[in-house]
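Coordinates in review
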Number of protein chains: 4
Amino acid sequence: MGMKTPEQYIASLRDGRELFMDGRKIADVTRDPSFRVAIETAARDYDYVNPAHRAIRTYTMENGELGNRLFQIPRNAEELQARVALLRSVSILSATASSLFALLHVKDEIGAVNAQYAKNIERLYQHCRDNDLRIAEVITDAKGDRSRHPAKQDDPDLYLRVVARKPDGIVVRGAKLHITGAALVHELIVLPTKAMGLEEVDYAVAFSVPPATKGVKIVNRSYAHGEMSTFDYPVSGHHNMPEGFVIFDDVFVPWERVFLCGEYQLAGTFAHALGLWERVGSLIFAADRARLMVGAAQLIAEYNGIDKASHVVDKITELIFYAEILRMSLDTAIREYETAPSGMVYPNALAVNVGKYHAASNYHSMVRPLHDISGGLVVTLPVEADYRNPELTPYFEKYLHTKPGVAVEDRMKLYNLIRDISADAYGGWELVTTLQAGGGLTAQKIVSYRTYDLAGAKQEALRAAGIARPAAPQAAAARRA
Amino acid sequence: MGMKTPEQYIASLRDGRELFMDGRKIADVTRDPSFRVAIETAARDYDYVNPAHRAIRTYTMENGELGNRLFQIPRNAEELQARVALLRSVSILSATASSLFALLHVKDEIGAVNAQYAKNIERLYQHCRDNDLRIAEVITDAKGDRSRHPAKQDDPDLYLRVVARKPDGIVVRGAKLHITGAALVHELIVLPTKAMGLEEVDYAVAFSVPPATKGVKIVNRSYAHGEMSTFDYPVSGHHNMPEGFVIFDDVFVPWERVFLCGEYQLAGTFAHALGLWERVGSLIFAADRARLMVGAAQLIAEYNGIDKASHVVDKITELIFYAEILRMSLDTAIREYETAPSGMVYPNALAVNVGKYHAASNYHSMVRPLHDISGGLVVTLPVEADYRNPELTPYFEKYLHTKPGVAVEDRMKLYNLIRDISADAYGGWELVTTLQAGGGLTAQKIVSYRTYDLAGAKQEALRAAGIARPAAPQAAAARRA
Amino acid sequence: MGMKTPEQYIASLRDGRELFMDGRKIADVTRDPSFRVAIETAARDYDYVNPAHRAIRTYTMENGELGNRLFQIPRNAEELQARVALLRSVSILSATASSLFALLHVKDEIGAVNAQYAKNIERLYQHCRDNDLRIAEVITDAKGDRSRHPAKQDDPDLYLRVVARKPDGIVVRGAKLHITGAALVHELIVLPTKAMGLEEVDYAVAFSVPPATKGVKIVNRSYAHGEMSTFDYPVSGHHNMPEGFVIFDDVFVPWERVFLCGEYQLAGTFAHALGLWERVGSLIFAADRARLMVGAAQLIAEYNGIDKASHVVDKITELIFYAEILRMSLDTAIREYETAPSGMVYPNALAVNVGKYHAASNYHSMVRPLHDISGGLVVTLPVEADYRNPELTPYFEKYLHTKPGVAVEDRMKLYNLIRDISADAYGGWELVTTLQAGGGLTAQKIVSYRTYDLAGAKQEALRAAGIARPAAPQAAAARRA
Amino acid sequence: MGMKTPEQYIASLRDGRELFMDGRKIADVTRDPSFRVAIETAARDYDYVNPAHRAIRTYTMENGELGNRLFQIPRNAEELQARVALLRSVSILSATASSLFALLHVKDEIGAVNAQYAKNIERLYQHCRDNDLRIAEVITDAKGDRSRHPAKQDDPDLYLRVVARKPDGIVVRGAKLHITGAALVHELIVLPTKAMGLEEVDYAVAFSVPPATKGVKIVNRSYAHGEMSTFDYPVSGHHNMPEGFVIFDDVFVPWERVFLCGEYQLAGTFAHALGLWERVGSLIFAADRARLMVGAAQLIAEYNGIDKASHVVDKITELIFYAEILRMSLDTAIREYETAPSGMVYPNALAVNVGKYHAASNYHSMVRPLHDISGGLVVTLPVEADYRNPELTPYFEKYLHTKPGVAVEDRMKLYNLIRDISADAYGGWELVTTLQAGGGLTAQKIVSYRTYDLAGAKQEALRAAGIARPAAPQAAAARRA
């Protein structure tokens, strides 16, 4: 018990979990080449030896012991800021711990209905914290026909549901999609994908199970493949994470691991709470990525000798505007934090949603100036193996040279970085997930509209128009309800 | 001496200044109907009686007396924040005091070259502060053919220049354009419009003169006209400000009012310093305007019963994103303030320029959703006089009714607000000046590019690409130089 | 009978029509200064003496006489092209004849339900053609609360309706908004603003009456005012047209002027037919305006000596792209015309809607580069009267000079053109009406979606995906229905 | 001699060409798995047996024989239209024949300087036509430091140049980048990448050589890899084409294959002529791709049951606008064709450039709605092999079901189509090449600005502004020159 080493983490994965990838059933995930980089990625988060990492990744728990800061519940701005620094230091697998925070966020509200649920949430939290576990957020259902409610689908299992209630637990059936890192965590926290109605009591279910639980099967998909040169793939060759298609084939869940079962009015609460923390994670990542894009664009311009051209400076400045707006949104979200009744603090919802929306809605367009500046070599540059071919090396050194101080090898790496993040399989994954993560653009618009001070803005308009009376109070009241 | 009352301000304008408007020479500006609203606008800024205004607009000077906060040199974040609150409380005429701040900003640099200039700046500052004066920033030259330098124009006076140097002062000739409120201030602070070269020593001149100085002639243009119904023009009928075309016809300036005369290397310094404070003013205004647009859009949607329509909520949310990004930029600029060697603090240049650019480059597009939501009545609504015509009033009450709680008169006022700010003469002035104020989009791009931490961003890219060596140091060094 | 002269047209307006403007009841519209320019605008369309105009504006009718081409029903591409040329040659008042074309478009469909209606349409057409009449399209109702149907409003008259049916005609009550030129036409063709349902039989009414009909009152609003210098307002000082708020106060309409009365299923047909012709008119105008914007931008750049600057060329090129896409859309619409069962040809609906949407959705953004290139003088230039003031003329000549070959007066006119069309009251009217004319952006999106060859596009996707079977036929069928 | 069969084409590639890929030297390209799909792609273009293909791909030559229409020189609109149809029917390898057209385009101009060059062009044309050869356009040089001219680089070979002139030919050295399909053609037509100056006579060189010429080495890069499931990669698994990094290591070119050698004033002529035909090809492809995106978006919306949601219809309509504008541009370019002195007709340059620019500048943004509608499965869907795994097939059939009529296999294929074209390695290649092909956005802007009727547009502005005199004629004249 306590914090794990990278080796302990890897060992912990050998627990009989049922995994599939590329058509194969995976015998031992820790020895499978397809998972090698992903596991290294995850294991690096368990490095607390490096002092720089230790400072960021650990904290002193109430009992005086060192714990993973991932489990620290922030109580003030500094702790919130420390959490952001932590999330910037670890991989996406650790970031998915936000589902645990969503549970903590709603614990009191859930507990008011059923105290046992609150206790179960607290127990899970302590279990994860005390054993330094990794968690996947398991949300999106198969969904079937999106125009129909869960209970009206051709197959009742197209949304995950309770198929049996027993004295000691429940049996669930269904499938969950896009579960990042599902194959490599210790807990699958399963939450409803949306608010549920009276006819959907069986779908209002939340719980957590380890991946090795009987009946859980995870089919994996990755933008990466087995052995990738880190020269050719400097980002995705170093860290990647498979997406899991997680099947729950009549999985038994003991009551002490259940957080909701039938209280349909509370189903939406989880989704809402999760959204905020997911978007914080997205915004942190997007702000760093934007800065990286600025740096890559400026660097390739310098390498190629076009950094003085006004149209190039213009495009880099476009990227700077994008990066700075994300950075300011994130800073504002931390600085103007909000406080839950429990004393836990969390980032300002409006700032997070404005920033996340700006990041997501403009990302495709921001890839354009990066491509525009970089030129065709992004996709036509031959691979490392050709460069290393002694018959070819001299030609590469000769013809990919641009100017003194720029090594051909570095220039190639930089082109590979740009391609990897924006014009190859991983780049495609970014394009799609940037839009879809945290609930899609629509979700961010709804939250922004709801949290903005519309009443104040209307008051300004009334004043400017010289209207003495307040406007249509019933309309405003109705909207707020 | 000391702070003026509104009446004292108005009286102070009767000083023989030579003004023109609509083809007429203005005999007494304080009695001319074309200037009535503008003067009322300016005079309201002298209201220190209202306690709310007093709190915002005044401060305790070092000598213990109350002064106009416009002249308080901020020394910390609170004073900077107080300055922003002040600027939100007063008219554009007071806001132009930023030219005085630009002078203070460069005082030490200027003083290092010629101590007398620094003394003159200090003297002007005290004179303005002690007499509660208003100031116009007089920058943009006539410019002639923009492809030619000042000294290469068909007429050497197309940029304002020194035509004679005398023992007691200098004589200047030229014209300055777009001088907001020039007709209604006490000091015209004249600065070079751009950096100057060796051949342009006569153009490197900065000074201040009162408008009533012999040889100064101001031709005025306004988006407003004489008598406007404040029902039909709720904004521009209440406050407007003429633009001055200011002619300097061999104007004599005593040496104690000169801040630069021939030191061409310093000409650019003024323009640069001014830019920051101008853009702060623009950003403050733009953030408030954006919030007003949100309020007006939401209100008209409620009045018309379309506030629940998803495409309407979408468009209002677009305006919210715009408004919040401006608000966050301004807050960041204040919070992350910078400190001059003199101890004066000023807003963060990057945040100001990012915010100002976002405000200006998107403004035309943001008017679109406002128009889209509001509909054709913005421009087709009959005027107040028709509404008040007893023969017509019943028809207006009948046919402009939408729902209980919305008075027809209020709905008309709201439409007038929207038209006034975005689809009439004043709205057009906003469209153009939003782009052009503070130096145009290009200026903001240049400053943003220069102040962004490019070195840090490049470091990230090098790390991500796996490049050990630093990139092309000479290129980076060259760019920074 | 036959084609009118300008003088006959003006005389025809003295028929007792009840008009209001600026709070006044208009005694004789032909002598009222507020209408002077609008009437001159309208009268110019009656110039058939100028050979260039005669060629474009007239055609030989079946009886061998010369008629106004406005009434020619196009039967082939040449006649359609000739119609476009005509519409480019005349004012907006003539362009509103499109409501007559909408009636002709639906005549057969209407006639199938009630042969008398078709006859009435034919009679109106001949009456207008034989007397060279001008027509207003009278569509938009007061509408009240947009979230409620016509029959559910607080006041049943918020949509125009039949209040009595008599042996010889019907009595109607209501108000119609945004009726361009209503005060200056001979026929008000009144059509339902939208499709109507079973509960709205009284609202399913279409008819035509002359403006002088008892009970018709027109309150006018204009972006122009009485006497405008055509130097300062080169466009709106030359042609403008008031918008009418048209009140129908229990107006009697004889049956032979009724085209629909109670057949609610057909109400939407009119709106749909009208939309096409309205958008054609909008697209023609927008294409010409875009070209004008290119010309104005290029010219002001040349006048100011910035036409070689790459960022200026970039912005002008943006305007060129906009202008060319509109031009190509219009040409495509004509070339790929469609043919009604009656043999009348009409522009391709998809091309028209794509072009109109591109014009309207980008217009606000396209004003930006124009303002960006032109600079602040757009709104700060003093007026003609100042220029003509002999005391000032020399200063204008001196300081507004840019380079040889550019007369100051011409440069001022060009600035006035730019302000007038984009940054003054008329420019605001353009901003709003560009969005709202022809049914708003949503209407163009709906038509484009419906008329695009989705089936073909899906077939391509199926082929590319390697899917043998056709996709979800029932879904496709449902959508088409 | 004459048209080849697919088998003859494949055989023709076994000629000793020196190819490299993935670090290996390719012994026999026709048996190498990395080239299998690319060669199949190329060979399919030689199918003239299928009657549908024969109609499109062949024409009757002057001598009465059947020839590949690729070599038909269009003399009228029908032949131009037939060429477009041909280009839509064949792969990118055939499309690169445009370099031959660029040569024909400039033949007379070149011939005026050196008749031999024109003869050489004619000979090459006949050789390619008579042997049904495929051609690569070999343009982009290594370029080195973009801020320096060819002759000022650290290595004089960074632009391809003549290193020796001999009685029977020339010797060239250099490298050319981004040469699509270089490994699989019969002729490499090498042209200067840009205009050249007096100091760059050695760089003003154009010629053609077969890939098997001694000293030519081609290093290949592909977005595709060896064995791809056409289920998982429905587009790139079926057709792909490697990019060649083509090295000219002192290659001897006989005089009869040289089209330019030292006449530096003509170097730019080739680049200009090539640009038009390249952009035509890009526009054809982009228009088809846009239509495919509409189809894929509509289909996935139907499969998932969201095709009635208004925000989905909105996004599809965005794609429709994009697709239609491209289609109309292409049609206009054909219809308003221009005619060279030789009688050869070619597409309208303005329409081509406007369309190409619209295609390229908006492509990144258009991928966004496609991703937005499709959702996360685009990148998280497991691969075919998992689906075919009998242990998993039932789960896929159960959980990827949406509604009757939609086969799970088809839904998977559709998701794979979307990922393949927009969110995977091939999609990344599209993002970059869409921007870079045909010379980048700047090139299209320049041509559009130059070919637009600016004089006419200015005339309109003069007329509207009421300016009698023509504007600054010298400026206009200068620009035209």
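All of these numbers come straight from a predicted model, not from anything done at the bench.

**Section: the overall build of chain A**
Assigned secondary structure in chain A consists of 18 helices and 14 strands. In summary, chain A has a C-alpha radius of gyration of 24 Å against a globular reference of 23 Å for 481 residues, a match within 12%. The principal-axis extents of the C-alpha atoms in chain A amount to approximately 75 × 75 × 55 Å. Taking all 481 residues of chain A together, the buried fraction comes to 60%. Excluding contacts between residues fewer than 6 apart, the proportion of contacts in chain A whose partners are at least 24 apart in sequence is 73%.

**What about the interface of chain B and chain C?**
Listed as interface residues are 71 residues of chain B and, on the opposing side, 72 residues of chain C. For the side of chain B that touches chain C, the element with the most residues is helix α15 (residues 425–436) of chain B, which contributes nine residues.

**Observations concerning the packing of helix α10 (residues 349–374) of chain C against helix α9 (residues 310–335) of chain D**
Across the interface, α10 of chain C lies against α9 of chain D with an axial gap of 10 Å and an inter-helix angle of 110°. Here α9 of chain D runs roughly perpendicular to α10 of chain C, going by the angle between their axes. Considering the relative orientation of α10 of chain C and α9 of chain D, their crossing is left-handed. Where α10 of chain C approaches α9 of chain D, its residues Leu-350, Ala-351, Val-354, Tyr-357 and His-358 of chain C are matched on the opposing element by Phe-321, Glu-324, Ile-325 and Met-328 of chain D. Per-class residue counts for the contact of α10 of chain C with α9 of chain D are seven nonpolar, one polar and one charged.

**Things to note about the relation of the copies chain B and chain C**
Each copy of the sequence occupies a distinct position, and chain B is placed on chain C by a rotation of 180° and an axial shift of 0.0 Å, giving an RMSD of 0.0 Å. This pairing of chains is accounted for by a two-fold axis. Residue by residue, 100% of the interface of chain B is reproduced at the interface of chain C, so both copies engage with the same surface.

**Brief notes about unusual backbone geometry**
Its identity as a non-glycine residue notwithstanding, Asp-250 of chain C has a phi of 55°, on the positive side. Position of Asp-250 of chain C among the secondary structure elements: in strand β11 (residues 243–254). Residue His-178 of chain D is not a glycine yet carries a positive backbone phi of 60°. Of note, His-178 of chain D is situated in strand β7 (residues 169–180). Residue His-178 of chain D is classed as buried on the basis of its C-beta count, with 24 C-beta atoms lying within 10 Å.

**A closer look at the domain arrangement of chain A**
Residue and element names in this part refer to chain A. In terms of domain boundaries, chain A breaks down into domain 1 (6–45 + 91–262) and domain 2 (269–451). Ranked by residue count, the leading element in the side of domain 1 that touches domain 2 is helix α6 (residues 98–113), at nine residues. In terms of residue class, the side of domain 1 that touches domain 2 is made up of 16 nonpolar, six polar and five charged.

**Regarding helix α7 (residues 115–131) of chain D**
Residues and elements named next belong to chain D. With 17 residues, α7 extends 24 Å between its outermost C-alpha atoms, agreeing within 8% with the 24 Å of an ideal straight helix rising 1.5 Å per residue. Within α7, burial applies to Tyr-117, Ala-118, Asn-120, Ile-121, Leu-124, Cys-128 and Arg-129. One side of α7 holds all its buried residues, which, seen down the axis, span an arc of 165°. Facing away from the buried side of α7, by more than 90 degrees, are the exposed residues Ala-115 and Gln-126. Its buried side turned inward, α7 meets β4 (66–68), α6 (98–113), β5 (135–138), β8 (187–190), β9 (205–209) and β12 (258–261). Looking at the residues trailing α7, positive phi occurs at Asp-132, about 55°.

**Section: the sheet that holds strand β7 (residues 169–180) of chain A**
All names here are of chain A. Taken together, six strands build an open sheet; the order of strands is β2-β1-β10-β11-β7-β6 and the sheet is mixed. Of all the strands in the sheet, just β2 (24–26) and β6 (161–166) have a single pairing partner and so form its edges. Sheet twist, expressed as the average angle between the axes of neighbouring strands with direction ignored, equals 20°. Relative to strand β10 (residues 216–221), strand β1 (residues 18–21) is paired through four bridges, and the arrangement is parallel. Note that in β10 the partner of Phe-20 across the bridge is Val-219.

**Notes on the sheet that holds strand β2 (residues 24–26) of chain B**
Residue and element names in this part refer to chain B. Taken in spatial order, the six strands make up an open sheet running β2-β1-β10-β11-β7-β6, and their pairing is mixed. Strands at the two margins of the open sheet, each flanked by one partner only, are β2 and β6 (161–166). Within this sheet the neighbouring strands show an average axis-to-axis angle of 20°, counted without direction. Note that strand β10 (residues 216–221) and strand β11 (residues 243–254) share six bridges and pair antiparallel.

**Notes on the pairing of strand β11 (residues 243–254) of chain D**
As paired strands, β7 of chain D and β11 of chain D are joined by nine bridges and run antiparallel to one another. In the strand pairing of β11 of chain D, Gly-174 of chain D is matched with Phe-248 of chain D.

**Quick word on the environment of Ile-284 of chain A**
Residues and elements named next belong to chain A. Structurally, Ile-284 is set in helix α8 (residues 267–304). Owing to 23 C-beta atoms within 10 Å, Ile-284 belongs among the buried residues under this scheme. Along the sequence, Ile-284 and Tyr-117 sit 167 residues apart, while their C-alpha atoms lie 31 Å from each other. In this structure, Ile-284 is in contact with Val-84, Leu-87, Arg-88 and Leu-330, ignoring residues within four places of it in sequence.

**Focus: helix α10 (residues 349–374) of chain A**
Residues and elements named next belong to chain A. Taking 1.5 Å per residue, 26 residues should reach 38 Å; α10 reaches 36 Å between its end C-alpha atoms and fits that length. Considering bend angle alone, the principal kink of α10 is centred on Tyr-363 and spans about 60°. Extensive coverage of α10 is indicated by the burial of 24 of its 26 residues. Gly-375 sits one or two positions beyond α10 and adopts a positive phi of about 90°.

**Let's talk about the environment of Val-378 of chain B**
Looking at where Val-378 of chain B falls in the secondary structure, it is placed in helix α11 (residues 377–380). Judged by local crowding, Val-378 of chain B falls into the buried class, with 29 C-beta atoms found within 10 Å. Other than its neighbours up to four places away in sequence, Val-378 of chain B contacts His-371, Tyr-415, Ile-418, Arg-419 and Ala-423 of chain B together with Val-432 of chain C.

**Quick look at the environment of Ser-12 of chain A**
Within the secondary structure, Ser-12 of chain A is located in helix α1 (residues 6–12). Linking Ser-12 of chain A and Val-90 of chain A, residues 78 residues apart in sequence, is a C-alpha distance of 19 Å.

**Things to note about the packing of helix α6 (residues 98–113) of chain C against helix α7 (residues 115–131) of chain C**
Residue and element names in this part refer to chain C. The interhelical angle for the contact between α6 and α7, taken along N-to-C directions, is 155°, at an axis separation of 8 Å. In terms of orientation, α6 lies roughly antiparallel with respect to α7. Considering how the two elements wind past one another, α6 and α7 form a crossing that is left-handed. Between α6 and α7, the residues in contact are Leu-100, Leu-103, Leu-104, Lys-107, Asp-108, Ile-110 and Gly-111 and Ala-115, Tyr-117, Ala-118, Ile-121, Glu-122, Tyr-125 and Cys-128, respectively.

**Details of the confidence of the model for chain A**
Residue and element names in this part refer to chain A. The predicted model of chain A averages 94 in pLDDT, with 97% of residues at 70 or higher. Here residues 471–481 scores under 50 on pLDDT; set against residues more than four positions off or in separate chains, the count is 14 contacts. If you check the scores for this complex, the pTM reads 0.95 and the ipTM reads 0.94.

Reading the values: rules and limits
- Every chain begins its residue count from 1, and numbering advances along the sequence as written.
- Written order decides the labels, with chains lettered from A and ligands numbered from 1.
- Whole-chain, interface and lining totals are the exception, using all residues; otherwise, since this is a predicted model, local features are given only for residues with pLDDT of at least 70 and side-chain atom pairs are given and counted only at 80 or more.
- A helix here means a DSSP run of H or I that spans at least four residues, while a strand means a run of E at least two residues long, and both kinds are numbered starting from the N terminus.
- In this treatment the radius of gyration is a C-alpha quantity, and the globule benchmark scales as 2.2 Å times the residue count to the 0.38 power.
- Working definition of burial: number of other C-beta atoms within 10 Å of the residue's own, with buried at 20 or more, exposed at 12 or fewer, and partly exposed in between, all C-beta atoms being placed from the backbone.
- Throughout, a residue-residue contact means that the two C-beta atoms, derived from backbone geometry, are no farther apart than 7 Å.
- Angles here are taken between N-to-C directions and fall from 0 to 180 degrees, while the axes themselves are lines fitted to C-alpha atoms, restricted in helices to the stretch in contact.
- We call two directions roughly parallel when the angle between them is under 35 degrees, roughly antiparallel when it is over 145, roughly perpendicular when it lies between 65 and 115, and oblique otherwise.
- Helix crossings get a hand from a simple test, with the near helix turned counterclockwise from the far one by less than a right angle marking a left-handed crossing and a clockwise turn marking a right-handed one.
- For this classification, Asp, Glu, Lys and Arg are treated as charged, while Ala, Val, Leu, Ile, Met, Phe, Trp, Tyr, Cys and Pro are nonpolar and the rest, including Gly, are polar.
- C-alpha atoms of residues with pLDDT of at least 70 in both copies form the basis for the least-squares superposition of the copies.
- Each domain's extent is set by a domain assignment, obtained either automatically or from a database.
- Here the expected span of a helix is defined as 1.5 Å times the quantity of residues minus one.
- An arc is given here, and it is the one of the directions from the helix axis to the C-beta atoms.
- DSSP-based pairing: two strands are paired if at least 2 bridges between them are found.
- Two axes enter the definition of the bend at a residue: one is fitted to the seven residues ending there, the other to the seven starting there, and the bend is the angle between them.
- Each residue carries a pLDDT score, the predictor's confidence in it, ranging from 0 to 100.

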